[in-house]
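Descriptive analysis of the structure
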Amino acid sequence: MKKIVKFGGSSLAGSDQFKKVANIIQADDSRRYVVPSAPGKRFSTDTKVTDMLYQCYDTAQNGKRFQDLLKKIKDRYLEIIQGLSLNLSLDQEFETIEKLFLEKAGSDYAASRGEYLNGILLANYLGYEFIDAAEVIFFNEKGIFDAKKTNQILAQRLETVERAVIPGFYGSLPDGSIKTFSRGGSDITGSIVAKAVKADLYENWTDVSGFLIADPRIIENPEAITTITYKELRELSYMGATVLHEDAIFPVRKAGIPINIRNTNRPQDEGTMIVESTCRKPKYTITGIAGKKGFVAINVEKDMMNSEIGFGRKILSAFEKYGISFEHVPSGIDTLTVFVHQPEFEGKEQQVLSEIHRLAEPDSIEMESDLALIAVVGRGMRASKGTAGRIFSALAHANINVKMIDQGSSELNIIIGVRNQDFEAAIKAIYDIFVLIQL
């Protein structure tokens, strides 16, 4: 059996956390390939190493003295080395970093050094082989991840390596320069490695015991999710659930490899299993609730709109022209509403409205700002009658006005629009009706 284990920044923030990680890896002989993040916060007011690197590089790029900032980063790693009693020096690595900062190697290079250095430390501590991600993770000339090349070369490289540490978050461009994934991209690296070695399981270790049905900042001690499908996770991740990078799903999903979200500080907890499909019945009708604030609804009205071929395309092309993506487009016989991110829209609103008038000649356009979207997700909704009715009832009981409701044909999720000010209360009402009140 082969397991890929990825550890987040909080799991590797200091020497004590490194010891926990080593104990977890050594407790299961099948945990053969390890993907580390950069050191995260050791305490609430601490700074993540990646943020320190960004600041350090920005200072260097502006022609200012950055060596003192670089020394603080070096001291973070030195503290870990001393805490683990390692016979290891990173002096040469930091000399190279200083040199390339002066040569302005790029912010991607700067950010990647957190994972790179942590990978060296962890490999040394475990006695595993260190493989630089730049040698096995590839992007094309446009900066797009090259899945085919990566899978081929990574699989060949690891075929003869029994145990290895591969840093997360970055790879290389065709010219050899460093390219990073988006923030939190170490999750993606773990998924890529899992696919390459045809792993039986991808364990993603973080500081929470898996996914929760709702945000614990809104719901006190929300129930945990024991099993969730990739589709459900995709919906929740897109709407703000941040335990796992949403793009980490794709490589393992295609390979049929399950993901297990685990807690480094509570390794006895089983966490959440993420699977392609399951015959297990969910404990509740819903699997999870997630949402985002900060949307604006543009409501376009025109008599006989439904009989005008291409009307929807005309409306959406106005947003496309100004680089604005849409979230949802509920419609009626004579109305079509487009939900977009308010911060993206505000600076271009008049241009977009003018374009809509020019292209579609609507009777009227109205806008409503400061809205929030909430996704209620669950495979159990397919077999349950009256789910939407229960949501409406719960929100009405909480005196919350529903601005929009939209359900896809998959019956996997229902999207509800409410005012920003009602966001938290709406989530509480939905959680209560499906989780706390057993019907």
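Residues numbered from 1 in each chain as written. Predicted model: local features only at pLDDT ≥ 70, side-chain atom pairs only at ≥ 80, totals over all residues. Heavy atoms only, no water.

**Section: the overall build of the protein chain**
- Across its full length, the protein chain carries 14 helices and 16 strands.
- Relative to a compact globule of 439 residues, whose C-alpha radius of gyration would be 22 Å, the protein chain shows 24 Å and is just as compact.
- For the protein chain, the spread of C-alpha atoms along the principal axes amounts to about 75 × 55 × 40 Å.
- Residue burial in the protein chain is summarised as follows: out of 439 residues, 51% are buried.
- Put simply, the protein chain shows about 20,600 Å² of open surface, and 47% of that area lies on carbon and sulfur atoms.
- On the protein chain, the mean spot of the 53 positive side-chain charges and the mean spot of the 58 negative ones are 4 Å from each other. (Helix = DSSP H or I, 4+ residues; strand = E, 2+ residues; numbered from the N terminus. Rg over C-alpha atoms; globule rule 2.2 N^0.38 Å. Buried < 20%, exposed > 50% of the residue type's maximum accessible area, 1.4 Å probe, protein only. Areas by Shrake-Rupley, 256 points an atom, 1.4 Å probe, with all protein chains shown as cover. Lys, Arg positive; Asp, Glu negative; His and termini not counted. Charge placed at Lys NZ, Arg CZ, Asp CG, Glu CD.)

**Some thoughts on the sheet that holds strand β11 (residues 288-301)**
- Across the sheet, which stays open at both edges, the six strands sit in the order β12-β13-β11-β14-β16-β15 with antiparallel pairing between neighbours. Where the open sheet ends on each side, the last strands, each with one partner, are β12 (326-328) and β15 (404-407). Adjacent strand axes in the sheet meet at a mean angle of 35 degrees, parallel and antiparallel pairs treated alike.
- As judged from the seven bridges shared by strand β14 (residues 364-377) and strand β16 (residues 413-419), these two strands associate in the antiparallel manner. Each residue of the ladder has a partner; that of leucine 373, found in β16, is glycine 417.
- The strands that helix α12 (residues 349-360) touches are β11 and β14; relative to β14, the one it contacts most, it runs at about 110 degrees.
- Packing against the sheet, helix α13 (residues 387-397) makes contact with β14, β15 and β16, and its axis sits at approximately 20 degrees to β16. (Pairing = 2+ DSSP bridges. Axes fitted to C-alpha atoms, helices over the stretch in contact; angles between N-to-C directions. Contact = heavy atoms within 4.5 Å.)

**Thoughts on the packing of aromatic side chains**
- On inspection of all chains with the given rule, the structure shows 10 aromatic pairs.
- A network of ring pairs unites the aromatic residues Tyr57, Phe66, Phe101 and Tyr109 as a single cluster.
- Its guanidinium or amino end placed over the ring of tyrosine 116, arginine 113 lies 4.3 Å from that ring's centre, counting from NZ or CZ.
- The ring of phenylalanine 138 carries the charged tip of lysine 149 above its face, separated from the ring centre by 4.4 Å. (Phe/Tyr/Trp six-rings, centres within 6.5 Å; stacked < 30°, edge-to-face > 60°. Lys NZ or Arg CZ within 6 Å of the ring centre and 35° of its normal.)

**As for helix α1 (residues 15-26)**
- With 12 residues, α1 extends 16 Å from end C-alpha to end C-alpha; this agrees with the ideal 16 Å at 1.5 Å per step.
- Taken together, the buried positions of α1 are Ser15, Gln17, Phe18, Val21, Ala22, Ile24 and Ile25.
- Taken together, the buried residues of α1 touch β1 (3-7), β2 (31-36), α3 (67-83), α5 (107-126) and β7 (201-206). (Expected span 1.5 Å × (residues − 1).)

**Some words on the packing of α13 against helix α14 (residues 423-436)**
- Across the interface, α13 lies against α14 with an axial gap of 9 Å and an inter-helix angle of 125 degrees. The angle between the axes of α13 and α14 places the two elements in the oblique class. α13 and α14 meet at a crossing whose hand is right-handed. Mapping the contact onto sequence places Thr387, Arg390, Ile391, Ala394 and Leu395 in α13 and Ala426, Ala429, Ile430, Ile433 and Phe434 in α14. (Parallel < 35°, antiparallel > 145°, perpendicular 65-115°, else oblique. Left-handed = near helix turned anticlockwise from the far one by under 90°.)

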